[in-house]
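Descriptive structure summary
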Amino acid sequence: MKKVLVLHYSQSGQLTEILKSLTSGMNANNVELEFVDIRPKNKFPFPWKGDSFFEQMPESVLGKPCELDEITTRHDQYDLIILGYQVWFLNPSVPFNSFLQSDKARTLLNNTPVVTVAGVRNMWVMAQEKIKNELLKIGARLVGNIILEDKNPNLISVVTIQHWLFTAKKSRFLGFFPLPGVSQEDIDGAKRFGTTIEEALLTDDCNNLQEKLVKQNAVRIVDTIVFVEKRATTLFGIWANLIEKKGTTPKKKKLWLRVFNYYLLFAIFIISPIVILLYSIGRLFFLGKVKKEKLYYQGVKLK
Ligand SMILES: Cc1cc2nc3c(=O)[nH]c(=O)nc-3n(C[C@H](O)[C@H](O)[C@H](O)COP(=O)(O)O)c2cc1C
(Lines give C-alpha, C1' and ligand atoms only; values in the text may rest on other atoms or scores of the structure.)
Protein backbone atom coordinates (compact mmCIF):
# COMPACT_ATOMS: atom_id res chain seq x y z
CA MET A 1 0.00 0.00 0.00
CA LYS A 2 1.45 3.35 -1.06
CA LYS A 3 0.87 6.39 1.12
CA VAL A 4 -0.11 9.53 -0.78
CA LEU A 5 -0.72 12.91 0.83
CA VAL A 6 -2.66 15.60 -1.06
CA LEU A 7 -2.09 19.09 0.33
CA HIS A 8 -3.85 22.14 -0.99
CA TYR A 9 -5.73 25.38 -0.48
CA SER A 10 -8.73 26.41 -2.57
CA GLN A 11 -11.11 29.34 -2.26
CA SER A 12 -13.82 28.42 -4.73
CA GLY A 13 -13.34 24.66 -4.48
CA GLN A 14 -12.11 24.45 -8.09
CA LEU A 15 -8.70 23.10 -7.09
CA THR A 16 -10.33 20.67 -4.65
CA GLU A 17 -12.48 19.36 -7.50
CA ILE A 18 -9.41 18.97 -9.73
CA LEU A 19 -7.54 17.01 -7.06
CA LYS A 20 -10.55 14.81 -6.29
CA SER A 21 -10.93 14.03 -9.99
CA LEU A 22 -7.20 13.31 -10.37
CA THR A 23 -7.05 10.98 -7.38
CA SER A 24 -10.23 9.17 -8.51
CA GLY A 25 -7.91 7.63 -11.12
CA MET A 26 -6.07 5.79 -8.31
CA ASN A 27 -7.14 2.44 -6.93
CA ALA A 28 -8.02 2.50 -3.23
CA ASN A 29 -6.59 -1.05 -2.88
CA ASN A 30 -3.14 0.21 -3.85
CA VAL A 31 -3.06 3.73 -2.51
CA GLU A 32 -3.88 5.15 0.91
CA LEU A 33 -4.99 8.70 0.16
CA GLU A 34 -4.98 11.50 2.70
CA PHE A 35 -6.34 14.98 1.92
CA VAL A 36 -5.15 17.87 4.09
CA ASP A 37 -6.13 21.53 3.72
CA ILE A 38 -3.77 24.47 4.01
CA ARG A 39 -5.76 26.93 6.18
CA PRO A 40 -4.75 30.56 6.62
CA LYS A 41 -5.39 31.80 10.20
CA ASN A 42 -7.15 34.87 8.76
CA LYS A 43 -9.38 33.76 5.91
CA PHE A 44 -8.95 35.50 2.56
CA PRO A 45 -12.22 36.98 1.30
CA PHE A 46 -14.26 35.16 -1.32
CA PRO A 47 -15.86 36.81 -3.24
CA TRP A 48 -13.05 39.34 -3.38
CA LYS A 49 -13.45 43.09 -3.03
CA GLY A 50 -11.30 45.49 -5.09
CA ASP A 51 -8.94 46.64 -2.33
CA SER A 52 -8.33 43.29 -0.66
CA PHE A 53 -7.73 41.69 -4.07
CA PHE A 54 -5.01 44.14 -5.08
CA GLU A 55 -3.48 44.06 -1.59
CA GLN A 56 -2.37 40.52 -2.47
CA MET A 57 -0.13 41.81 -5.26
CA PRO A 58 2.86 42.97 -3.17
CA GLU A 59 2.33 40.09 -0.72
CA SER A 60 2.40 37.46 -3.47
CA VAL A 61 5.18 39.05 -5.51
CA LEU A 62 7.45 39.63 -2.50
CA GLY A 63 6.65 36.16 -1.15
CA LYS A 64 5.43 37.37 2.24
CA PRO A 65 3.97 34.49 4.25
CA CYS A 66 0.69 34.61 6.19
CA GLU A 67 0.00 32.66 9.37
CA LEU A 68 -1.42 29.19 8.86
CA ASP A 69 -3.31 26.82 11.14
CA GLU A 70 -1.17 23.92 12.22
CA ILE A 71 -1.02 21.15 9.62
CA THR A 72 -1.45 17.70 11.06
CA THR A 73 -0.97 14.56 9.00
CA ARG A 74 -1.54 10.89 9.74
CA HIS A 75 2.05 9.92 8.91
CA ASP A 76 5.46 11.62 9.06
CA GLN A 77 6.58 10.21 5.70
CA TYR A 78 4.77 9.56 2.42
CA ASP A 79 5.59 7.70 -0.78
CA LEU A 80 4.32 10.69 -2.72
CA ILE A 81 3.01 14.15 -1.90
CA ILE A 82 0.68 15.93 -4.31
CA LEU A 83 0.81 19.71 -3.86
CA GLY A 84 -2.15 21.61 -5.27
CA TYR A 85 -1.64 25.32 -5.80
CA GLN A 86 -3.03 28.37 -7.55
CA VAL A 87 -1.20 31.41 -8.88
CA TRP A 88 -1.80 34.90 -7.49
CA PHE A 89 -0.28 37.79 -9.44
CA LEU A 90 2.12 35.51 -11.33
CA ASN A 91 3.41 33.94 -8.10
CA PRO A 92 2.46 30.99 -5.91
CA SER A 93 -0.64 32.12 -3.93
CA VAL A 94 0.04 33.54 -0.47
CA PRO A 95 -1.39 30.51 1.43
CA PHE A 96 0.55 28.03 -0.71
CA ASN A 97 3.76 30.01 -0.50
CA SER A 98 3.30 30.27 3.28
CA PHE A 99 3.12 26.50 3.46
CA LEU A 100 6.26 26.11 1.32
CA GLN A 101 8.14 28.37 3.71
CA SER A 102 6.97 26.54 6.83
CA ASP A 103 8.91 24.08 8.98
CA LYS A 104 6.17 21.53 8.29
CA ALA A 105 6.97 21.69 4.55
CA ARG A 106 10.62 21.00 5.28
CA THR A 107 9.91 17.95 7.42
CA LEU A 108 7.21 16.53 5.16
CA LEU A 109 8.76 17.16 1.76
CA ASN A 110 12.41 16.46 2.39
CA ASN A 111 13.54 13.42 0.41
CA THR A 112 10.02 12.84 -0.88
CA PRO A 113 8.72 12.62 -4.47
CA VAL A 114 6.36 15.51 -5.19
CA VAL A 115 3.81 16.14 -7.95
CA THR A 116 2.58 19.72 -8.31
CA VAL A 117 -0.95 20.32 -9.63
CA ALA A 118 -2.14 23.83 -10.49
CA GLY A 119 -5.60 25.21 -11.23
CA VAL A 120 -4.99 28.63 -12.77
CA ARG A 121 -6.15 31.19 -15.35
CA ASN A 122 -3.26 30.92 -17.83
CA MET A 123 -0.11 32.54 -16.39
CA TRP A 124 1.74 30.08 -14.20
CA VAL A 125 5.19 29.43 -15.76
CA MET A 126 7.22 31.78 -13.56
CA ALA A 127 5.37 30.71 -10.41
CA GLN A 128 6.25 27.10 -11.19
CA GLU A 129 9.92 28.09 -11.58
CA LYS A 130 9.78 29.60 -8.07
CA ILE A 131 8.17 26.45 -6.72
CA LYS A 132 10.83 24.27 -8.40
CA ASN A 133 13.44 26.40 -6.66
CA GLU A 134 11.75 26.19 -3.22
CA LEU A 135 11.32 22.44 -3.52
CA LEU A 136 14.98 22.03 -4.39
CA LYS A 137 15.96 24.06 -1.31
CA ILE A 138 13.77 21.88 0.91
CA GLY A 139 15.26 18.71 -0.57
CA ALA A 140 12.02 17.48 -2.19
CA ARG A 141 12.14 15.57 -5.49
CA LEU A 142 9.79 17.11 -8.04
CA VAL A 143 8.74 14.23 -10.31
CA GLY A 144 5.60 15.60 -11.95
CA ASN A 145 3.72 18.75 -12.79
CA ILE A 146 0.15 19.09 -14.07
CA ILE A 147 -1.41 22.39 -15.10
CA LEU A 148 -5.14 22.90 -15.54
CA GLU A 149 -5.98 26.28 -16.95
CA ASP A 150 -8.62 28.38 -18.66
CA LYS A 151 -8.05 27.71 -22.37
CA ASN A 152 -10.15 30.64 -23.60
CA PRO A 153 -8.34 33.56 -25.27
CA ASN A 154 -6.33 35.66 -22.81
CA LEU A 155 -8.52 38.78 -22.71
CA ILE A 156 -11.73 36.78 -22.50
CA SER A 157 -10.39 34.84 -19.53
CA VAL A 158 -9.42 38.10 -17.79
CA VAL A 159 -13.01 39.35 -18.07
CA THR A 160 -14.63 36.09 -17.01
CA ILE A 161 -12.30 35.45 -14.05
CA GLN A 162 -13.02 38.93 -12.70
CA HIS A 163 -16.73 38.10 -12.76
CA TRP A 164 -16.07 34.80 -10.99
CA LEU A 165 -13.67 36.07 -8.32
CA PHE A 166 -15.71 39.18 -7.51
CA THR A 167 -19.09 37.41 -7.30
CA ALA A 168 -17.96 33.90 -6.23
CA LYS A 169 -20.21 32.58 -9.02
CA LYS A 170 -18.59 30.35 -11.66
CA SER A 171 -21.24 31.44 -14.14
CA ARG A 172 -21.37 33.13 -17.58
CA PHE A 173 -20.63 36.86 -17.33
CA LEU A 174 -23.58 38.77 -18.92
CA GLY A 175 -25.08 35.44 -19.87
CA PHE A 176 -23.03 35.00 -23.03
CA PHE A 177 -19.32 34.95 -22.09
CA PRO A 178 -17.76 31.48 -21.75
CA LEU A 179 -17.67 29.96 -18.27
CA PRO A 180 -14.68 31.13 -16.22
CA GLY A 181 -11.79 29.02 -14.95
CA VAL A 182 -10.87 25.44 -15.78
CA SER A 183 -13.53 23.72 -17.89
CA GLN A 184 -15.55 20.87 -16.40
CA GLU A 185 -14.25 18.62 -19.19
CA ASP A 186 -10.65 19.30 -18.17
CA ILE A 187 -11.46 18.82 -14.48
CA ASP A 188 -13.11 15.46 -15.18
CA GLY A 189 -10.26 14.48 -17.53
CA ALA A 190 -7.70 14.92 -14.73
CA LYS A 191 -8.57 11.36 -13.66
CA ARG A 192 -6.15 10.01 -16.31
CA PHE A 193 -3.21 11.68 -14.58
CA GLY A 194 -4.05 9.90 -11.34
CA THR A 195 -3.84 6.52 -13.07
CA THR A 196 -0.45 7.40 -14.58
CA ILE A 197 0.87 8.58 -11.22
CA GLU A 198 -0.35 5.39 -9.54
CA GLU A 199 1.42 3.24 -12.16
CA ALA A 200 4.70 5.07 -11.49
CA LEU A 201 4.23 4.67 -7.74
CA LEU A 202 3.52 0.95 -7.91
CA THR A 203 6.61 0.29 -10.04
CA ASP A 204 8.70 2.56 -7.78
CA ASP A 205 9.79 4.45 -10.85
CA CYS A 206 8.93 8.11 -11.02
CA ASN A 207 11.91 8.97 -13.22
CA ASN A 208 9.95 9.27 -16.45
CA LEU A 209 6.65 10.24 -14.90
CA GLN A 210 6.66 13.79 -16.25
CA GLU A 211 7.35 12.58 -19.82
CA LYS A 212 4.29 10.33 -19.54
CA LEU A 213 2.15 13.12 -18.11
CA VAL A 214 3.23 15.51 -20.88
CA LYS A 215 2.22 12.88 -23.45
CA GLN A 216 -1.22 13.01 -21.81
CA ASN A 217 -1.29 16.80 -22.30
CA ALA A 218 -0.67 17.60 -18.65
CA VAL A 219 1.13 20.85 -19.52
CA ARG A 220 0.24 23.23 -22.35
CA ILE A 221 2.73 25.96 -23.15
CA VAL A 222 1.52 28.98 -25.11
CA ASP A 223 4.72 30.84 -25.95
CA THR A 224 3.01 34.19 -26.59
CA ILE A 225 1.59 34.10 -23.06
CA VAL A 226 4.95 33.06 -21.61
CA PHE A 227 6.57 36.01 -23.38
CA VAL A 228 4.07 38.46 -21.86
CA GLU A 229 4.27 36.76 -18.47
CA LYS A 230 8.04 37.11 -18.23
CA ARG A 231 7.90 40.86 -18.90
CA ALA A 232 4.97 41.26 -16.52
CA THR A 233 6.87 39.40 -13.77
CA THR A 234 9.71 41.93 -13.95
CA LEU A 235 7.25 44.83 -13.92
CA PHE A 236 5.24 43.38 -11.01
CA GLY A 237 8.53 43.17 -9.04
CA ILE A 238 9.12 46.87 -9.64
CA TRP A 239 5.52 47.75 -8.71
CA ALA A 240 5.56 45.62 -5.55
CA ASN A 241 8.73 47.30 -4.28
CA LEU A 242 7.40 50.73 -5.19
CA ILE A 243 4.14 50.13 -3.31
CA GLU A 244 6.10 48.87 -0.30
CA LYS A 245 8.30 51.97 -0.35
CA LYS A 246 5.58 54.56 -0.99
CA GLY A 247 2.73 52.94 0.94
CA THR A 248 3.99 53.99 4.35
CA THR A 249 0.47 54.63 5.70
CA PRO A 250 -2.72 52.62 4.93
CA LYS A 251 -4.10 55.62 3.00
CA LYS A 252 -0.98 55.98 0.84
CA LYS A 253 -0.85 52.24 0.23
CA LYS A 254 -4.47 52.22 -0.89
CA LEU A 255 -3.74 55.04 -3.31
CA TRP A 256 -0.72 53.27 -4.82
CA LEU A 257 -2.69 50.03 -5.14
CA ARG A 258 -5.36 51.97 -7.06
CA VAL A 259 -2.67 53.33 -9.40
CA PHE A 260 -1.45 49.77 -9.93
CA ASN A 261 -5.03 48.64 -10.62
CA TYR A 262 -5.36 51.18 -13.46
CA TYR A 263 -1.89 50.38 -14.76
CA LEU A 264 -2.80 46.68 -14.83
CA LEU A 265 -5.96 47.28 -16.85
CA PHE A 266 -3.98 49.40 -19.31
CA ALA A 267 -1.21 46.78 -19.53
CA ILE A 268 -3.64 43.89 -20.08
CA PHE A 269 -6.02 45.48 -22.57
CA ILE A 270 -3.76 47.91 -24.45
CA ILE A 271 -0.09 46.91 -24.10
CA SER A 272 -0.28 43.11 -24.06
CA PRO A 273 -2.17 42.71 -27.39
CA ILE A 274 0.48 44.90 -29.09
CA VAL A 275 3.32 42.96 -27.45
CA ILE A 276 1.72 39.66 -28.53
CA LEU A 277 1.32 40.87 -32.09
CA LEU A 278 4.95 42.02 -32.36
CA TYR A 279 6.22 38.87 -30.69
CA SER A 280 4.15 36.64 -33.01
CA ILE A 281 5.93 38.18 -36.00
CA GLY A 282 9.39 38.18 -34.35
CA ARG A 283 9.21 34.57 -33.15
CA LEU A 284 9.37 33.31 -36.75
CA PHE A 285 13.09 34.13 -36.60
CA PHE A 286 13.82 32.07 -33.51
CA LEU A 287 11.51 29.06 -33.66
CA GLY A 288 14.29 26.74 -32.42
CA LYS A 289 14.63 28.71 -29.20
CA VAL A 290 10.86 28.77 -28.73
CA LYS A 291 10.70 24.96 -29.04
CA LYS A 292 13.57 24.46 -26.58
CA GLU A 293 11.95 26.76 -24.06
CA LYS A 294 8.61 24.96 -24.41
CA LEU A 295 10.27 21.61 -23.62
CA TYR A 296 11.98 23.14 -20.61
CA TYR A 297 8.79 24.61 -19.11
CA GLN A 298 6.96 21.32 -19.67
CA GLY A 299 9.61 19.56 -17.59
CA VAL A 300 10.35 19.35 -13.88
CA LYS A 301 14.08 20.16 -13.96
CA LEU A 302 15.39 23.53 -12.85
CA LYS A 303 17.85 25.47 -15.03
C1 LIG B 1 -5.55 37.46 -6.13
C2 LIG B 1 -5.56 36.53 -7.33
C3 LIG B 1 -4.61 36.67 -8.32
C4 LIG B 1 -4.58 35.77 -9.39
N5 LIG B 1 -3.56 35.86 -10.32
C6 LIG B 1 -3.43 34.89 -11.27
C7 LIG B 1 -2.31 34.88 -12.15
O8 LIG B 1 -1.41 35.73 -12.09
N9 LIG B 1 -2.23 33.90 -13.10
C10 LIG B 1 -3.19 32.94 -13.22
O11 LIG B 1 -3.07 32.10 -14.12
N12 LIG B 1 -4.25 32.90 -12.39
C13 LIG B 1 -4.39 33.85 -11.41
N14 LIG B 1 -5.46 33.80 -10.54
C15 LIG B 1 -6.44 32.67 -10.61
C16 LIG B 1 -6.06 31.58 -9.60
O17 LIG B 1 -4.81 31.02 -9.93
C18 LIG B 1 -7.10 30.46 -9.50
O19 LIG B 1 -7.25 29.82 -10.72
C20 LIG B 1 -8.47 30.92 -9.04
O21 LIG B 1 -8.33 31.90 -8.04
C22 LIG B 1 -9.30 29.75 -8.50
O23 LIG B 1 -8.59 29.13 -7.47
P24 LIG B 1 -9.27 28.41 -6.20
O25 LIG B 1 -9.17 26.94 -6.41
O26 LIG B 1 -8.48 28.87 -4.99
O27 LIG B 1 -10.69 28.89 -6.14
C28 LIG B 1 -5.54 34.73 -9.49
C29 LIG B 1 -6.53 34.64 -8.49
C30 LIG B 1 -6.53 35.50 -7.42
C31 LIG B 1 -7.58 35.33 -6.35
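Quick note: structure is the one above.
Residues numbered from 1 in each chain as written. Predicted model: local features only at pLDDT ≥ 70, side-chain atom pairs only at ≥ 80, totals over all residues. Heavy atoms only, no water.

Residues in close proximity to the ligand total 20 residues, the closest being Ser10, Gln11, Ser12, Val87 and Leu90. Ser10 is positioned such that a nitrogen or oxygen atom in its side chain is 2.6 Å from an oxygen atom of the ligand. Here an oxygen atom of the ligand and a side-chain polar atom of Ser12 are 2.4 Å apart. Within the complex, the protein chains bury 96% of what would otherwise be the 630 Å² of accessible surface of the ligand. At the level of elements, helix H1 (14–23), strand E4 (87–88), strand E6 (113–120) and helix H6 (154–167) are the ones that each hand at least two residues to the shell around the ligand. The biggest single contributor to the shell around the ligand is H6, with three residues. Residue composition of the shell around the ligand, grouped by class: twelve nonpolar, seven polar and one charged. (Near = heavy atom within 4 Å. Polar contact = N/O pair within 3.5 Å; in protein donor to acceptor, adjacent residues only side chain to side chain. Areas by Shrake-Rupley, 256 points an atom, 1.4 Å probe, with all protein chains shown as cover. Helix = DSSP H or I, 4+ residues; strand = E, 2+ residues; numbered from the N terminus. Nonpolar A, V, L, I, M, F, W, Y, C, P; charged D, E, K, R; others polar.)

On to the pairing of strand E7 (residues 141–149), then. With eight of nine residues buried, E7 is to be regarded as a mostly interior element. With eight bridges joining them, E6 and E7 adopt parallel strand pairing. The residue bridging Pro113 from the neighbouring strand is Arg141, located in E7. In this view, the connection linking E6 to its parallel neighbour E7 by way of helix H5 (residues 125–138) has right-handed handedness. (Buried < 20%, exposed > 50% of the residue type's maximum accessible area, 1.4 Å probe, protein only. Pairing = 2+ DSSP bridges. Right-handed = clockwise from strand over helix to strand, strands pointing away.)

When the local axis directions of helix H11 (residues 250–282) are compared, the greatest deviation, roughly 40°, occurs at Ile271, which is followed within four positions by the proline Pro273. Buried residues of H11: Leu257, Phe260, Asn261, Tyr263, Leu264, Ala267, Ile268, Ser272 and Tyr279, and no others. Turning to H11, the residues buried within the fold contact helix H2 (50–61), H6, helix H10 (223–246) and helix H12 (287–298). (Bend = angle between axes of the 7 residues up to and from the residue. Contact = heavy atoms within 4.5 Å.)

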